[in-house]
Every structure is written in structure tokens, then in C-alpha cells.
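Each chain is listed here by its residues.
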Amino acid sequence: LTSEKEIQALDQDIYTYLTYATQVAQAKRALLLAERETSLFEQDELYRELEAVPSYKPYERAYIVYEFMANIRIRPEQIKAIRDMGSWGEGGLVSRVMGGGKSSVIGLLHLLTVAPGRIPLYIPPPAQFEIVCRNLSNFVSRYFQKEIDPIRLRKEQFTEKNLLWVEEKFKQAKTKGFL
């Protein structure tokens, strides 16, 4: 590539390819759902898959690359949550129904696009702790080549001593590049 025009043309070609490949994956996923006997929840998911369109600006490359790699379409409400989180300053809270993409989409993309260098804290219900850890670990390892470092404490275990230990874990996570 020798000119800015050639670089821009390549950039547009890559964007077009990633967008098209994501649409194809979206249609395949919808067809798989349509072939099965589905519940009302799954029918709603099928509808959402088929109606989803990119809800970000073309220059927001992290989103299109993540959609392509994760084989998903980021929903408009997820993009809105990521953007809203960017205006929170020091912290905030995202509360959504199970399966709403809090861990696998909103939290991870927020870290990459809005708050690099910050440490996320996910607090799932105790019954979902292991599955959230496993899912996060899989996503983070697969798409970002990083590790997570779970902290297994219940509310009643948040003593001064344990909170100091948690602070030390946060410091270690920052220096090691963990999420």
C-alpha cells in the first residue's frame, strides 16, 4: 500500500467483509433456532437475531471486529449501555436479565473501548458464580488472550482483612494484565 487512498479502500473492504460475514453468521444462527422446536424465549431471540443491525458508527472498529470474532451481533441496547458507562467516571452498575450480554459483551467491550486499564468487578448471584467465571474465562481467553482471576467471597466474608486481600488482588491484576 503506497497511498492514503489505497489504505482507505482496504479499510473499507475489510469493514464490508466483516459486516457481511457477521450477517451471514447471524442468519445461520437464526436458521438453527428456526429448525428446532422453540420456546417463546427462543422465538424472541430468533426475532432479535433477524432484526439486529449494526448500531455503532463505522469507525468504531472494535465493535465490528468483536462481532466477527465472537460470531454475534451487538444489540443497540448493549451499545447504549457501553456508551452510557463511558460517562460514569469512576464507576457504575449494569443490571440486566440473564443472557443480556452483561459479561460477554457490555463489560468486555467497555473495558476495551472506554476504560482501558480499569479493572471490572462482576458480582453474580452465588448460584451463577461458577458459570459466570467459566463463561468470562472462555470469552476473555479466546478473544483477548487474557486471564480472569476470580475472587471467591460471599457478602459475610467481606471483613477488613479480606478487603485488604482483595485490594492486593486488584493490584496484582493490574500489573499482570488480568481482567
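Residues numbered from 1 in each chain as written. Predicted model: local features only at pLDDT ≥ 70, side-chain atom pairs only at ≥ 80, totals over all residues. Heavy atoms only, no water.

(A) Broad picture of unusual backbone geometry. At Asn71, a residue that is not glycine, the phi angle is positive and equals roughly 60 degrees. Within the fold, Asn71 resides in the loop between helix 3 (61–70) and helix 4 (76–86). (Helix = DSSP H or I, 4+ residues; strand = E, 2+ residues; numbered from the N terminus.)

(B) View of the environment of Gln26. Inspection of the secondary structure puts Gln26 in helix 1 (residues 4–35). The exposure class assigned to Gln26 is buried, which follows from its relative accessible area of 6%. A C-alpha to C-alpha distance of 6.7 Å links Gln26 and Ile72, two positions 46 residues apart in sequence. (Buried < 20%, exposed > 50% of the residue type's maximum accessible area, 1.4 Å probe, protein only.)

(C) Expanded view of the nonpolar core. Counting 24 residues, the largest nonpolar core has Tyr56, Tyr63, Tyr66, Ile74, Leu108 and Leu109 as its most contacted members. Secondary structure elements with two or more residues in this core: helix 1, helix 3, helix 4, helix 5 (102–113) and helix 6 (129–144). Tallying contributions element by element places helix 6 first for this core, with seven residues. (Core = buried A, V, L, I, M, F, W, Y, C linked by side-chain atoms within 4.5 Å.)

(D) How the structure looks around the confidence of the model for the protein. When the pLDDT values of the protein are averaged, the result is 78; 83% of them are 70 or greater. Ranking the elements of the protein by mean pLDDT puts helix 2 (residues 40–51) last with 71 and helix 7 (residues 160–176) first with 86. (pLDDT = per-residue confidence, 0-100.)

(E) Spatial organisation of a nonpolar patch on the surface. A surface patch of nonpolar side chains, about 350 Å² in accessible area, is lined by Tyr17, Val65, Phe68 and Met69. Looking at the nonpolar patch, the element that brings in the most residues is helix 3, giving three residues. Considering the arrangement of structural elements, one finds Phe68 in helix 3. Judged by relative accessible area, which is 33%, Phe68 ranks as partly exposed. (Patch = residues over 30% accessible without salt bridge, like charges linked within 9 Å, V, L, I, M, F, W, Y side chains within 5 Å. Areas by Shrake-Rupley, 256 points an atom, 1.4 Å probe, with all protein chains shown as cover. Salt bridge = Lys/Arg side-chain N within 4 Å of Asp/Glu carboxyl O.)

(F) Local environment of the pattern of salt bridges. Inspection of the entire model under this criterion finds two salt bridges. When the shortest N-O distance is used, the salt bridge between Arg152 and Glu130 registers 3.3 Å. Here Glu130 lies in helix 6 and Arg152 lies in the loop between helix 6 and helix 7, a separation of 22 residues in the sequence. Looking at Arg152, the relative accessible area reads 48%, which means it is partly exposed.

(G) Local environment of the side chain of Arg73. Among the structural elements, Arg73 can be located in the loop between helix 3 and helix 4. Non-local contacts of Arg73, meaning those with residues more than four positions away in its chain, are made with Thr19, Thr22, Gln23, Gln26, Arg29, Ala52, Val53, Pro54, Tyr56, Glu67 and Gln78. (Contact = heavy atoms within 4.5 Å.)

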